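# Residue-level structure breakdown
Chain by chain, the residues:
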Amino acid sequence: MHKAIALSVENIQNGGGPFGAVIVKNGKIIATGVNRVTSQNDPTAHAEVNAIRKASKKLGTFNLEGCEIYTSCEPCPMCLGAIYWAHLDKIYYGNSKTDAAAIGFDDSFIYEELKLNYADRKVKAAQIFRNEALEAFQLWQNMESKVKY
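Residues numbered from 1 in each chain as written. Predicted model: local features only at pLDDT ≥ 70, side-chain atom pairs only at ≥ 80, totals over all residues. Heavy atoms only, no water.

Here strand β3 (residues 67-73) runs beside strand β4 (residues 90-95); their pairing, made up of five bridges, is parallel. Within the sheet, the bridge partner assigned to Y70 lies in β4 and is Y92. Viewed along the sheet, the connection from β3 through helix α4 (residues 77-86) into β4 turns out right-handed. (Pairing = 2+ DSSP bridges. Helix = DSSP H or I, 4+ residues; strand = E, 2+ residues; numbered from the N terminus. Right-handed = clockwise from strand over helix to strand, strands pointing away.)

Assignment of secondary structure puts S96 in the loop between β4 and α5 (97-102). The residues touching S96, leaving out its near neighbours within four places in the chain, are C73 and E74. (Contact = heavy atoms within 4.5 Å.)

Here we take up α4. Three or more residues of α4 are buried, namely P77, C79, I83 and A86. Contact partners of the buried residues in α4: α3 (47-59), β3, β4 and α6 (108-115). Two residues or fewer past α4, H87 is found with a positive phi of approximately 65°. (Buried < 20%, exposed > 50% of the residue type's maximum accessible area, 1.4 Å probe, protein only.)

This part is about the state of the cysteines. One way to say it: the disulfide is the covalent bond shared by the sulfur atoms of two cysteines. Summed over all chains, the structure comprises zero disulfides. C79 provides the cysteine sulfur closest to C76, a residue in no disulfide bond, and the two sulfurs are 3.7 Å apart. Under the relative-accessibility criterion, C76 is labelled buried at 9%. (Disulfide = S-S within 2.5 Å.)

Turning to the nonpolar core, a few remarks are in order. Counting 17 residues, the largest nonpolar core has I23, I52, A55, L64, I69 and L88 as the members making the most contacts within it. Of the residues forming this core, the biggest block, four residues, is contributed by α3. Those residues within four positions of L64 in sequence are excluded, and the remaining contacts are I23, I52, A55, S56, L59, A86, H87 and L88. Counting residues in each nonpolar core, the second largest holds six residues, with A4, V22, V24 and Y70 among its members. (Core = buried A, V, L, I, M, F, W, Y, C linked by side-chain atoms within 4.5 Å.)

Moving on, we get to a nonpolar patch on the surface. Where nonpolar side chains cluster on the molecular surface, the patch consists of F62, W85, W140, M143, V147 and Y149 and spans about 710 Å² of accessible area. Tracing the backbone through its elements, the reader meets Y149 in the segment after α7 (130-142). (Patch = residues over 30% accessible without salt bridge, like charges linked within 9 Å, V, L, I, M, F, W, Y side chains within 5 Å. Areas by Shrake-Rupley, 256 points an atom, 1.4 Å probe, with all protein chains shown as cover. Salt bridge = Lys/Arg side-chain N within 4 Å of Asp/Glu carboxyl O.)

Next up on the list: the sheet that holds strand β1 (residues 20-25). Pairing in this open sheet of four strands is mixed, and the strands run β2-β1-β3-β4 from one edge to the other. The sheet is open, and its two borders are formed by β2 (28-34) and β4, each paired with just one other strand. Direction aside, the axes of adjacent strands within the sheet are offset by 15° on average. With respect to the sheet, helix α1 (residues 2-13) is in contact with β1, β2 and β3, its orientation differing from that of β1 by roughly 150°. Running over the sheet, α3 touches β1, β2 and β3 and is turned about 140° from β2. (Axes fitted to C-alpha atoms, helices over the stretch in contact; angles between N-to-C directions.)

This next bit is on the side chain of N11. Along the polypeptide, N11 turns up in helix α1. A distance of 3.1 Å separates a polar atom in the side chain of N11 from a polar atom in the side chain of R36. (Polar contact = N/O pair within 3.5 Å; in protein donor to acceptor, adjacent residues only side chain to side chain.)

Written as structure tokens, this is what we have:
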């Protein structure tokens, strides 16, 4: 955790956001990440996502079972989703989402949006061309050599 916190402080000094993350396997650091949203003009370049990308590349797998993530702040909804998709075993975090909201990083609106019907959300969504889109799902379902994740 000390490394994740140090990364968050260092990242501020380098012009980035106050977030750092470390992925550990068997007590050894596999990968680190910092927030690069503004420096890379990438809204998905959060510390946790960057660390997951590096760990997956280093280990040669999308499945990070057996790994844990230490992050300087409680993960946002996007990062939490990425952590679940990566199959990380445990999350340790420093600052809470309430602490983050107090300095302008408030994710509560996303949690509230998820509770709403699509028609009532800020970003509207509509299902179109479902029958055409199902072709890929049918191909996937019938493929015997697929790699499940």
